[in-house]
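Summary of structural features
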Amino acid sequence: MLKCLAADACLAAQSSRFLIRRLLSSNVPFLYMDKSPNSIRTELLQRLQSLTQHAAADDALPLPDLANQLTELADQMRRESHNAAHTPTAAACAVTDDTAMDTGPGGPPLEGAPIDGAAFSGQQPSKKQRRAPREFDFSRYRTRFVALELMYVGWAFQGFARQDNTENTIEGVLFSALRKVKLVPEAAVAPISDLNYSRCGRTDRGVSALGQVVALRLRSSARVDEPEAPLELEYDYPRLVNKALPPEVRVLGWTPVPEDFNARFCAQYREYKYFIVRQSLPPPPPPPPPARPEAKTESAAPPQPGDNGATAAITATATITATATTAEAAEGGGRAQAGASAAAPLPPAGPVSHPDSHLDPDSISDLDPGPGCCSYSLDIDAMRAAAAHFIGEHDFRNFCKADVATVRSFRRRILSFNIDPVPTSAADKAHQVFAMTVRGTAFLWHQVRCMAAVLLMVGRGQERPEVVSELLDMDATPRKPQYSMAPEEPLLLYACGFSGLSFRRSVPAMEGVLGDVAGLMHRHLIGAALTAACHSRLTKDERSVVGQWGFNEHRVTK
């Protein structure tokens with residue numbers, strides 16, 4: 001009988017311990033539901049003080065036990081602070097009389113433990129559930145109207161201006177980065193038109209830029225109840241935005257601008273660079289020598305009556321002499337001797353037609369005769385003479401893609417036009433890079449690419465340098481002739497000029513930009529070296545010869 005009573009008491013005590021532990025781990029302050037928040041705070045602090053005093057007095061107290069008690073007390077404090085902010089309802093605090101299966105910590109399920117299926121779930125809310133996303137309050141901060149200087153390699157983008165059907169534009173990735181770092185509100189809250197946004201130039205798909213300028217209003221570091229932040233204490237906008245931009249797009253600098261500043265209409269000039277390659281190729285092989293005629297000593301014309309055989313002897317001697325002279329010229333490498341019949345004549349000097357003369361004028365890989373090379377030339381001097389006709393104010397409707405819906409006048413002013421060599425570490429003697437640098441107050445749609453296309457045709461000898469002045473004369477050429485534009489990849493918006501505008505660039509931001517640009521340059525240098533190795537190997541291969549079976553035989557020289 002005593003053993004049965006002891007077993008029942010032990011089971012009841014065990015159940016009570018698990019019930020208390022379960023209640024302590026729940027979200028409901030079961031033990032403190034009838035106490036005020038101040039009394040609960042006092043009691044929790046007293047428990048903490050008691051634990052620390054006990055640990056200081058008892059050197060034999062195991063540290064794991066002390067850590068478990070402190071963790072349990074900290075969890076209880078967090079629950080009480082959470083419950084103080086979110087007071088539970090009476091329904092959530094009710095305890096049912098139902099019994100269910102309860103799993104004790106570290107042991108098998110116990111029967112008879114009273115639980116509430118909703119309140120006493122025993123699960124801690126996740127971090128996402130405890131901390132709801134909070135909208136960033138832009139109204140607490142001042143704003144600053146600034147101009148940003150941008151650099152981008154636009155080969156992989158669909159142009160500069162944002163588009164509705166794609167985010168793969170320079171403006172698309174720029175505003176995505178600005179929203180990510182909380183410098184501008186979301187588009188649904190504040191559209192771009194509310195930011196007083198403007199851009200200096202609108203580059204097309206595949207075009208790059210080094211000095212593009214945009215102006216817009218960004219969040220400042222100062223609060224609304226504070227004075228405007230000094231420039232030294234303002235955000236480092238380039239360093240902040242570049243962390244959220246792709247490596248092909250970088251912000252170089254920033255500067256505050258007046259409220260009436262417009263990046264498009266305040267620009268005094270735009271400067272573009274268009275890069276071309278002048279290539280020199282070895283001359284084509286000389287034509288094969290004619291087949292050696294057989295000596296026909298017995299085919300001399302029979303002597304006519306009265307000739308006494310003199311005519312026949314002279315003819316036979318001349319035939320043999322010609323045959324010997326031809327053979328000597330073929331075997332002796334040009335040691336032809338003067339005679340009645342010399343070796344096959346050399347091809348005439350001067351320009352010869354290129355085997356790929358059907359190429360479009362938008363090719364940027366052109367040919368130029370070097371020492372001992374053929375006349376597949378890109379005449380830089382002729383291109384410079386033609387480019388001189390562009391300088392000044394002219395009607396450029398024959399050098400653009402007509403946009404009659406938005407363009408009111410086709411007259412533009414070109415300030416300078418130069419064509420100079422560009423030193424590159426990837427160039428060799430056979431390939432030299434030149435840059436056509438044009439500066440003007442404003443440009444029409446595709447104007448630079450059309451100008452480059454006409455100059456390339458002049459350089460190839462397909463047009464005269466005077467063709468530029470003829471196309472600029474609306475009386476002589478009232479309609480634009482059909483020609484292909486130059487490709488977009490070699491075009492670079494090099495600079496945009498403003499009066500009294502100086503961009504701020506911090507040392508950390510510029511170090512990061514230089515590292516990113518060096519990475520891009522290294523990738524392209526490796527690509528140039530790779531293709532140059534292929535080109536060098538192919539130029540050392542022997543030219544094709546027709547074999548005895550009628551097909552081309554290629555022999556590679558290692």
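The name given to the protein chain in an unreviewed UniProt entry is Pseudouridine synthase I TruA alpha/beta domain-containing protein, with Volvox reticuliferus as the source organism. The Sequence similarities (unreviewed entry) comment attached to the protein chain in UniProt states, word for word, "Belongs to the tRNA pseudouridine synthase TruA family."

This paragraph deals with the overall build of the protein chain. The number of helices and strands found in the protein chain is 12 helices and 14 strands. The buried share of the protein chain, reckoned over its 558 residues, is 33%. A total accessible area of about 34,500 Å² is found for the protein chain, and carbon and sulfur atoms account for 55% of it.

Angle between the axes and distance between the axes are the two parameters that describe a pair of packed helices. At their nearest, the axes of helix α9 (residues 380-387) and helix α10 (residues 447-459) sit 8 Å apart, and the two run at 140° to each other. Here α9 is positioned oblique relative to α10, judged by the angle of their axes. Crossing geometry of α9 relative to α10 is assigned as right-handed. On the side of α9, the interface is formed by A382, M383, A386 and A387, while α10 contributes L455, L456, V458 and G459. In terms of residue class, the contact of α9 with α10 is made up of seven nonpolar, one polar and no charged.

Here the focus is the packing of aromatic side chains. The full count for this structure, using the stated rule, is 12 aromatic pairs. Ring geometry for Y237 and W254: centres 5.1 Å apart, planes at 85°, overall edge-to-face. Of this pair, Y237 sits in helix α7 (residues 237-242) while W254 sits in strand β6 (residues 249-256), and the two are 17 residues apart along the sequence. Both residues of the pair, Y237 and W254, belong to the buried class. A centroid spacing of 5.6 Å and a plane angle of 20° characterise the contact between F390 and F417, whose relative ring orientation is stacked. Pair noted here: F390 is in the loop between α9 and β9 (392-395) and F417 is in strand β10 (residues 411-422), with a separation of 27 residues, a long-range link. Residue F417 is classed as buried on the basis of its relative accessible area of 10%. Here a set of aromatic residues connected by ring pairs shows up, and it is made of F390, F396, F399 and F417. Positioned above the aromatic ring of Y494 is the side chain of K273, whose terminal nitrogen or guanidinium carbon lies 4.8 Å from the ring centre.

Volume-wise, the second largest pocket comes out at about 1,200 Å³. R202, R264, F443, L444 and W445 are, among the 38 residues lining the second largest pocket, the residues nearest its centre. Mapped onto the lining of the second largest pocket, the elements with two or more residues apiece are β4 (198-199), β7 (269-279) and α10. In terms of residue count, α10 provides more of the lining of the second largest pocket than any other element does, three residues in total. Here the lining of the second largest pocket is built from residues that sort into 15 nonpolar, 12 polar and 11 charged.

Moving on: the environment of G392. Turning to its location among the elements, G392 is positioned in strand β9. For G392 and L415, which are 23 residues apart along the polypeptide, the C-alpha to C-alpha distance reads 6.4 Å. Beyond its immediate stretch of four places on either side in the chain, G392 contacts R412, R413 and I414.

In this structure, F390 and F399 are the most contacted members of the largest nonpolar core, which totals 81 residues. Among residues more than four places away in sequence, those in contact with F399 are F390, H446, Q447, C450, M451, V454, V468, L471, L472 and Y483.

Okay, α10 next. In this model, α10 (13 residues) spans 18 Å end to end at C-alpha, consistent with the 18 Å of a helix rising 1.5 Å per residue. Across the 13 residues of α10, 13 count as buried, placing the element largely inside the fold.

Attention now moves to the state of the cysteines. Under the defined criterion, the tally for this structure stands at zero disulfides. Take C266: it sits in no disulfide, and the sulfur closest to it among the cysteines is that of C200, at 9.8 Å. Residue class for C266 comes out partly exposed when judged on its relative accessible area of 33%.

A word on the side chain of E171. Along the chain, E171 falls in helix α6 (residues 170-180). Reaching out from E171, the side chain makes a polar contact with the side chain of Y197 at a distance of 2.6 Å. A polar contact is formed between the side chain of E171 and the side chain of R199, at a distance of 2.7 Å. Residues within four places of E171 in sequence aside, it is in contact with F160, A161, R162, Y197 and R199.

What follows deals with a nonpolar patch on the surface. Taken together, L45, L48 and L70 make up a surface patch of nonpolar side chains, about 210 Å² in accessible area. Take L48: it is sitting in helix α2 (residues 37-57). Residue L48 is classed as partly exposed on the basis of its relative accessible area, which comes to 31%.

Turning next to the pairing of β6. When you tally the buried positions in β6, you get seven out of eight residues, the bulk of the element. Where strand β3 (residues 141-152) meets β6, seven bridges bridge the pair, whose relative direction is antiparallel. Counterpart to E149 in the pairing with β6 is G253.

For Q212, the location among the structural elements is in strand β5 (residues 208-223). For Q212, a relative accessible area of 0% gives the class buried. Among the polar contacts made by the side chain of Q212, one reaches the side chain of Y152 at a distance of 3.5 Å. In terms of polar contacts, Q212 uses its side chain to reach the backbone carbonyl oxygen of G201, at 2.6 Å. Among residues more than four places away in sequence, those in contact with Q212 are L148, E149, L150, Y152, F160, C200, G201, L493 and C496.

About the thresholds
- Residues numbered from 1 in each chain as written.
- Predicted model: local features only at pLDDT ≥ 70, side-chain atom pairs only at ≥ 80, totals over all residues.
- Heavy atoms only, no water.
- UniProt positions renumbered as here; feature names shortened; annotations may be inferred.
- Helix = DSSP H or I, 4+ residues; strand = E, 2+ residues; numbered from the N terminus.
- Buried < 20%, exposed > 50% of the residue type's maximum accessible area, 1.4 Å probe, protein only.
- Areas by Shrake-Rupley, 256 points an atom, 1.4 Å probe, with all protein chains shown as cover.
- Axes fitted to C-alpha atoms, helices over the stretch in contact; angles between N-to-C directions.
- Parallel < 35°, antiparallel > 145°, perpendicular 65-115°, else oblique.
- Left-handed = near helix turned anticlockwise from the far one by under 90°.
- Contact = heavy atoms within 4.5 Å.
- Nonpolar A, V, L, I, M, F, W, Y, C, P; charged D, E, K, R; others polar.
- Phe/Tyr/Trp six-rings, centres within 6.5 Å; stacked < 30°, edge-to-face > 60°.
- Lys NZ or Arg CZ within 6 Å of the ring centre and 35° of its normal.
- 1 Å grid on protein atoms, 1.4 Å probe; cavity = no way out; pocket = protein on both sides within 12 Å on 5 of 7 lines; lining within 4 Å.
- Points joined across faces, edges and corners; volume = space filled by probe spheres on them.
- Core = buried A, V, L, I, M, F, W, Y, C linked by side-chain atoms within 4.5 Å.
- Expected span 1.5 Å × (residues − 1).
- Disulfide = S-S within 2.5 Å.
- Polar contact = N/O pair within 3.5 Å; in protein donor to acceptor, adjacent residues only side chain to side chain.
- Patch = residues over 30% accessible without salt bridge, like charges linked within 9 Å, V, L, I, M, F, W, Y side chains within 5 Å.
- Salt bridge = Lys/Arg side-chain N within 4 Å of Asp/Glu carboxyl O.
- Pairing = 2+ DSSP bridges.

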